[in-house]
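# Summary of the model geometry
Residues per chain, in single letters:
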Amino acid sequence: MSAVLLRLACTAAMAAQAALAPAPAVAAAPVPQPQQSVSQLLTDLQRLYRQTEEATESYNATAERLKRQRAEVTRLDGELARARLALRGGQGDAGRLARQQYQNSSDLSPYLRLLLARDPQHALDEGHVIGRLTRERAETVDRLTDAERKRDALARAARKALDEQLTLTGKQGRQRADVTARLRQVERLLASLTPERLAAVAALERTGIDQAQLRLAASGALGDDRPPSGEGDRAVRYALSQVGKPYQWGAQGPTSYDCSGLTSQAWDHAGTPIPRTSQEQWARLPKVPLNRLRPGDLVVYFPGATHVALYVGDGRVVQAPRPGRRIEISPLASAPVLGAVRPDGPPRDQATEAR
């Protein structure tokens, strides 16, 4: 049996680590038939791996949203606590003014007190003080009303944020179970194959990748490598230092990674944080043509942008390929290419041409 397929058989252990929730109902893995061709077996395996990676990236996206939501809940809780303290302070001011008003109360109007006063100037001064206290009372009541409104608004926002956090937690649990179930499908399919069939599938996969790489090079889609930026060089060196570490879905290092966990961590260590998932990396980072690639750029795969690798030059990428495999250097055409993005800004060559 080839070393590649032996590594694939490790999927069972990977799935066991992830099984933290009951698996949802998913379509059963295809059961190989004696007459089923090697090419069909490879197609089935690739489809299962692709579905697993799609589920993994969905899980990663929810995990990122949940992280942001927890931070928002914490922020709102802090603001709500401060608003309650301010409200208590305002209530104390209101009580003090109420006591002062009670102690200085009189049935006589300010005008009548002025007419009856023995010292009109003193009465005028007293009236000025009373007016100032009245304005202070009105301002205190306004502040108290605003504080109550702010407290109530923050309380509603905090409840809504917590509800959203609970919803995301439930969604994450379901997605975790989905990934686990799909990994078990891969495990069952691999376990059903003889060593000879596994070796044939691995050989056919290598042949297909080599042919795809030759077609890509012959098409002229790949140009001469451009020198990397300083950040790109640091990202490449980080990613290459992870070669040999295992793939694990949902992981961001330092001992294991999934595909977007590797690329996001590489660029984070280069000093340029990028989105966590392959879909967000494709959607939010500047696009760059394949013939203008430079080391450090990200190559994105499949129509749904569900896999990503980091370009290292000479038509090759470093990637965390799939469950059961380790981080490796591969031909760029190891999967159907969707396009490429550049994390550290707009493509400089295109910007120069535009000017």
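Just so it is clear, the model here is predicted, and its values are computed rather than measured.

The rules behind the values
- Residues numbered from 1 in each chain as written.
- Predicted model: local features only at pLDDT ≥ 70, side-chain atom pairs only at ≥ 80, totals over all residues.
- Heavy atoms only, no water.
- Pairing = 2+ DSSP bridges.
- Helix = DSSP H or I, 4+ residues; strand = E, 2+ residues; numbered from the N terminus.
- Buried < 20%, exposed > 50% of the residue type's maximum accessible area, 1.4 Å probe, protein only.
- Polar contact = N/O pair within 3.5 Å; in protein donor to acceptor, adjacent residues only side chain to side chain.
- Phe/Tyr/Trp six-rings, centres within 6.5 Å; stacked < 30°, edge-to-face > 60°.
- Lys NZ or Arg CZ within 6 Å of the ring centre and 35° of its normal.
- Patch = residues over 30% accessible without salt bridge, like charges linked within 9 Å, V, L, I, M, F, W, Y side chains within 5 Å.
- Areas by Shrake-Rupley, 256 points an atom, 1.4 Å probe, with all protein chains shown as cover.
- Salt bridge = Lys/Arg side-chain N within 4 Å of Asp/Glu carboxyl O.
- Contact = heavy atoms within 4.5 Å.
- Core = buried A, V, L, I, M, F, W, Y, C linked by side-chain atoms within 4.5 Å.
- pLDDT = per-residue confidence, 0-100.
- Axes fitted to C-alpha atoms, helices over the stretch in contact; angles between N-to-C directions.
- Parallel < 35°, antiparallel > 145°, perpendicular 65-115°, else oblique.
- Left-handed = near helix turned anticlockwise from the far one by under 90°.

Sheet architecture is open: six strands sit in the order S1-S6-S2-S3-S4-S5, paired in antiparallel fashion. A single partner strand is all that each edge strand has here, and the edge strands are strand S1 (287-288) and strand S5 (328-331). In this sheet, S5 lies alongside strand S4 (residues 316-319) in antiparallel orientation, the contact comprising four bridges. Looking across to S5, one finds that Arg-316 is bridged to Pro-331.

Take Arg-325: it is sitting in the loop between S4 and S5. The exposure class of Arg-325 is buried, given its relative accessible area of 11%. Here the side chain of Arg-325 touches Glu-328 through a polar contact of 2.7 Å, side chain to side chain.

Another aspect to go through is the packing of aromatic side chains. Inspection of the entire model under this criterion finds zero aromatic pairs. Lying across the ring of Trp-282, Lys-287 places its NZ or CZ 4.5 Å from the centre.

Let us look at a nonpolar patch on the surface. A cluster of nonpolar side chains, Leu-240, Val-243 and Ile-329, forms an exposed patch at the surface whose accessible area comes to about 220 Å². Within the secondary structure, Ile-329 sits in strand S5.

On the secondary structure map, Glu-64 appears in helix H3 (residues 38-103). Glu-64 sits in the buried class, given a relative accessible area of 15%. Residues contacting Glu-64, with those up to four places away along its chain left out, are Gln-252 and Arg-276.

What follows covers helix H8 (residues 259-269). Within H8, nine of the 11 residues are buried, which leaves the element mostly enclosed by the surrounding structure. Where H8 is concerned, the buried positions are Cys-259, Ser-260, Gly-261, Leu-262, Thr-263, Ser-264, Gln-265, Ala-266 and Trp-267. Of the residues trailing H8, Gly-271 is marked for its positive phi of about 100°.

Next up on the list: the nonpolar core. Ranked by size, the top nonpolar core spans 27 residues in total, and within it Trp-267, Leu-298 and Leu-310 carry the most contacts. If sequence neighbours within four positions are ignored, Leu-298 has contacts with Thr-263, Trp-267, Ile-274, Gln-281, Leu-285, Val-308, Ala-309, Leu-310, Gly-339, Ala-340, Val-341 and Pro-343. Within the second largest apolar cluster, 15 residues are counted, among which are Val-288, Leu-290, Val-299 and Val-317.

Now for the environment of Ala-181. Counting through the fold element by element, Ala-181 comes out in helix H5 (residues 120-191). The class of Ala-181 is buried, set by a relative accessible area of 7%. Each C-alpha atom of the pair Ala-181 and Thr-52 lies 8.8 Å from the other, and the pair is 129 residues apart in sequence.

Relative to strand S6 (residues 337-341), S1 is paired through two bridges, and the arrangement is antiparallel. Looking at the pairing, Val-288 lines up with Ala-340 of S6. Two strands pair when backbone bridges link them, and strand S2 (residues 298-301) and S6 are joined in this way by four bridges, in the antiparallel orientation. The partner of Val-300 across the bridge, within S6, is Gly-339.

Now for the confidence of the model for the protein chain. Per-residue pLDDT for the protein chain averages 76, and the proportion of residues at 70 or more is 70%. Within the model, the stretch residues 1-25 combines pLDDT values under 50 with 51 contacts to residues more than four positions away or in other chains.

Time to look at the packing of helix H7 (residues 230-241) against H8. Axis angle and axis distance: for two packed helices, these are the angle between their axes and the distance between the axes, and together they describe the pair. One way to put it is that H7 packs onto H8 with a least axis distance of 8 Å and a crossing angle of 130°. Considering their axes alone, H7 and H8 lie oblique with respect to each other. Remark: the crossing between H7 and H8 carries right-handed chirality. Contacts between H7 and H8 involve Glu-231, Gly-232, Ala-235, Tyr-238 and Ala-239 from the first element and Leu-262, Gln-265, Ala-266, Trp-267 and His-269 from the second.

Attention now goes to unusual backbone geometry. Note the cis peptide between Gly-253 and Pro-254, where omega equals 0°. Following the sequence through the fold, Pro-254 ends up in the loop between H7 and H8. Even without being glycine, Ala-305 reaches a positive phi, approximately 55°. In this structure, Ala-305 sits in the loop between S2 and strand S3 (307-313). Classification of Ala-305 as buried rests on a relative accessible area of 3%.

Once that is clear, we can look at the pairing of S3. With six of seven residues buried, S3 is to be regarded as a mostly interior element. Two elements, S2 and S3, share four bridges in a ladder whose sense is antiparallel. Bridged to Val-299 within S3 is Ala-309. Here S2 hands over to S3 after five residues, with Phe-302 in that stretch at a positive phi of 70°. As defined by bridge partners, S3 adjoins S4 across three bridges and the pair is classed as antiparallel. Its bridge partner lying in S4, Gly-313 is registered against Arg-316. What sits between S3 and S4 in their antiparallel hairpin is a turn of two residues, with Asp-314 showing a positive phi close to 60°.

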